[in-house]
Amino acid sequence: MVRIKDKDLQKYFQAVKLKATHFYVLAVFLFFVFGSVSQAQNKGSNLSLADSVYYSVLDSLLNGIPEPALKMYDSVSGDAAFLRSGWIHYWAAADAMPLRDSSALKFVMDRFEITVDYYENSGRLLGFNRKMKRRFSFFLQGWLEDPVSGKVVRSVSVKKIKDDFIDAGNLSEIEKSPFRFTKGTMKTKSVWMRYIQPGILIGAVSAIVYLFFNVRT
């Protein structure tokens, strides 16, 4: 019967323990790296995204009814060119009911806002990828009005938020537009994103390098 020495047994379990630690650290490392790299593709410029969301909002509100008259208050005058251009393009392509008479509804817009915020992920901070999170927020408020009676037919308040990832290297192209709202803002990262998560990643990488050179079977 072969007798295993206590010293050899201790070395064996130490090696197994180190291998398990190696695997655990590698798993943590891969979780944070791949968790920070989105599989989403670049969705295009901020302006094209604004157009797309604007059309979808109009479609959800007005699909299947005659084209209303458009009225915009002074509060949206700064973005009137965008709103009016999108309105024209939408109705040029829309499959709406024909106008029946002169009492068509009036669509009044009194509040409009688009904001674009960017957030750096830890993978980009450590040089693993060039992706950056984009949060696109769209808000439109107003009402549908009967122009004859002046009564409000329907109140409108729509807010949409879309998150995706963009290539930070193409930011100048992504923001290219004559409209001010397509210029995004880099938001301050949380303590987790600024310090803790990158610290864990750096620690995991260091541990893997250490174990790679020191684990003995």
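Our subject is the structure that appears above.
These numbers come from a predicted model, not from an experiment. Sequence positions are assigned chain by chain, starting from 1 and proceeding in written order. Since the coordinates come from a predicted model, pLDDT governs what is reported: local features require at least 70, and pairs of side-chain atoms require 80 or more to be given and counted, while whole-chain, interface and lining totals use all residues. Water and hydrogen atoms play no part in the side-chain values, which are based on all heavy atoms of the structure.

**A look at the packing of aromatic side chains**
Here is step 1 of the chain: Aromatic pairs are defined between Phe, Tyr and Trp rings, using the six-membered ring for Trp, whenever the two ring centres lie within 6.5 Å; interplanar angles under 30 degrees are classed as stacked, those over 60 as edge-to-face, and all others as tilted. For the coordinates displayed, the defined rule picks out 13 aromatic pairs.
Here is step 2 of the chain: Ring centres 5.7 Å apart and planes at 80° place the aromatic pair Tyr73 and Trp143 in the edge-to-face group. Residue Tyr73 is located in the loop between β1 (69-72) and α3 (80-93), and its partner Trp143 is located in strand β3 (residues 131-145); the two are separated by 70 residues in the primary sequence.
Here is step 3 of the chain: Relative to Phe138, the ring of Phe112 lies with its centre 5.6 Å away and its plane at 75°, an arrangement referred to as edge-to-face. Here Phe138 lies in strand β3 and Phe112 lies in strand β2 (residues 106-120), a separation of 26 residues in the sequence.
Here is step 4 of the chain: Put simply, the rings of Tyr54, Tyr55, Phe82, Phe112, Phe138, Phe179 and Phe181 pair up and form one aromatic cluster. Strands are runs of DSSP state E lasting at least 2 residues, helices are runs of H or I lasting at least 4, and numbering of each runs from the N terminus.

**Regarding the pattern of salt bridges**
Here is step 1 of the chain: The term salt bridge refers to a side-chain nitrogen of Lys or Arg lying within 4 Å of a carboxyl oxygen of Asp or Glu. Summed over the entire model, instances satisfying the criterion amount to five salt bridges.
Here is step 2 of the chain: For Asp163, the salt bridge goes to Lys133, with nearest N and O atoms at 4.0 Å. Of this pair, Asp163 sits in strand β4 (residues 152-167) while Lys133 sits in strand β3, placing them 30 residues apart in sequence.
Here is step 3 of the chain: On the basis of relative accessible area, Asp163 is assigned to the partly exposed category, the value being 40%.
Here is step 4 of the chain: Taken together, the shared-partner salt bridges in this structure form one network comprising Lys133, Arg135 and Asp163. Each residue is placed in one exposure class: buried if its accessible area under a 1.4 Å probe, protein chains only, is under 20% of its type's maximum, exposed if it is over 50%, and partly exposed if it falls in between.

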